[in-house]
Amino acid sequence: MPNWCEGTVGIRGRTDDILKFLNEEFVRYTYDVEKHESVEVPGSVFKIDDDSDMTIWLTVDDVAGTWIWIKDTQLAFFDDDQNVNDFVMDKDKSSDIWTLRLPIKQAWSFREDDWMALSSKYHLDFNLFGVECGMEFMMEFQIVNGEYVEGKLTNTKTGNWSWDCPFPWMGG
């Protein structure tokens, strides 16, 4: 079983690109006990309420016994264990650019190549921050227009993980 890097992904782009990414890449699965395999649960993961010019609400149905995989990644999951089902997508006041931040987990660490490919495919920018408490590291990076822009990998500085890391219990 892998360790997990746990954190958030910021998503920035045009409304239709973000919604296309969410609808195509976020897939709900359950485990079929008789077949001994994971099977896709049909339907959209997010319900969308866009009755405002500046805010779009996204609601995730809490379906017991399921998990939400981000399809074109190596073991990245939408973290629906947070007991937060509503997310707000905000519009930049001076442009047609929207932002959204979601909780995620990815096996071992966040993989830049996964997010660069998704950025290119959907014309989106990503800003990721994650913590892995088992190996005691934090990572953050940005992908803009399919390119790795900047990033940082931080291990414990003082030898005291609880002091160095703002979220020392995350990941693992």
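Residues numbered from 1 in each chain as written. Predicted model: local features only at pLDDT ≥ 70, side-chain atom pairs only at ≥ 80, totals over all residues. Heavy atoms only, no water.

From N to C terminus, the chain includes 3 helices and 12 strands. Taking 2.2 N^0.38 as the reference for a compact globule, 172 residues should give roughly 16 Å; the C-alpha atoms of the chain span a radius of gyration of 17 Å, in line with that estimate. Dimensions along the principal axes, computed over C-alpha positions, put the chain at roughly 50 × 50 × 25 Å. For the chain, buried positions account for 40% of its 172 residues. Restricting to contacts in the chain with at least 6 residues of sequence separation, those with at least 24 account for 66%. Of the roughly 9,600 Å² of accessible surface on the chain, 50% is carried by carbon and sulfur atoms. (Helix = DSSP H or I, 4+ residues; strand = E, 2+ residues; numbered from the N terminus. Rg over C-alpha atoms; globule rule 2.2 N^0.38 Å. Buried < 20%, exposed > 50% of the residue type's maximum accessible area, 1.4 Å probe, protein only. Contact = heavy atoms within 4.5 Å. Areas by Shrake-Rupley, 256 points an atom, 1.4 Å probe, with all protein chains shown as cover.)

A few words now on helix α2 (residues 112-122). Restricting attention to buried positions, one finds in α2 the residues Asp114, Trp115, Leu118, Ser119 and Tyr122. What you see down the axis of α2 is that its buried residues fit within an arc of 130°, all on one side. (Arc of directions from axis to C-beta.)

Judged by nonpolar contacts, the single largest core of 34 residues is most densely connected at Phe21, Leu22, Phe26, Leu102, Trp115 and Phe126. Not counting chain neighbours up to four residues away, the residues in contact with Phe26 comprise Phe21, Val45, Phe46, Ile68, Trp69, Ile70, Phe78 and Leu102. Core analysis: the second largest hydrophobic core is formed by 5 residues, Val131, Trp161, Cys165 and Met170 among them. (Core = buried A, V, L, I, M, F, W, Y, C linked by side-chain atoms within 4.5 Å.)

Let us look at the side chain of Ser119. Inspection of the secondary structure puts Ser119 in helix α2. Given a relative accessible area of 1%, Ser119 falls into the buried group. Polar contacts involving the side chain of Ser119 include one to the main-chain carbonyl oxygen of Leu124, which spans 2.4 Å. Apart from residues lying up to four places away in sequence, Ser119 is in contact with Leu124, Asp125, Phe126, Ile143, Val144, Asn145 and Gly146. (Polar contact = N/O pair within 3.5 Å; in protein donor to acceptor, adjacent residues only side chain to side chain.)

We now examine the environment of Glu40. Residue position: Glu40 is located in strand β3 (residues 37-40). Considered as a pair, Glu40 and Arg28 are 12 residues apart in the sequence and their alpha carbons are 5.9 Å apart.

A few words on the packing of aromatic side chains. Inspection of every chain in the model, using the stated rule, returns 14 aromatic pairs. Centroid distance Phe26 to Phe46: 5.5 Å. Interplanar angle 65°. Geometry classified as edge-to-face. Residue Phe26 is located in strand β2 (residues 26-32), and its partner Phe46 is located in strand β4 (residues 46-49); the two are separated by 20 residues in the primary sequence. Note on accessibility: Phe26 and Phe46 belong to one class, buried. Considering the side-chain rings of Phe78 and Phe87, the 5.7 Å spacing of their centres and the 75° angle between planes classify their relative orientation as edge-to-face. With respect to burial, Phe78 and Phe87 carry one shared label: buried. (Phe/Tyr/Trp six-rings, centres within 6.5 Å; stacked < 30°, edge-to-face > 60°.)

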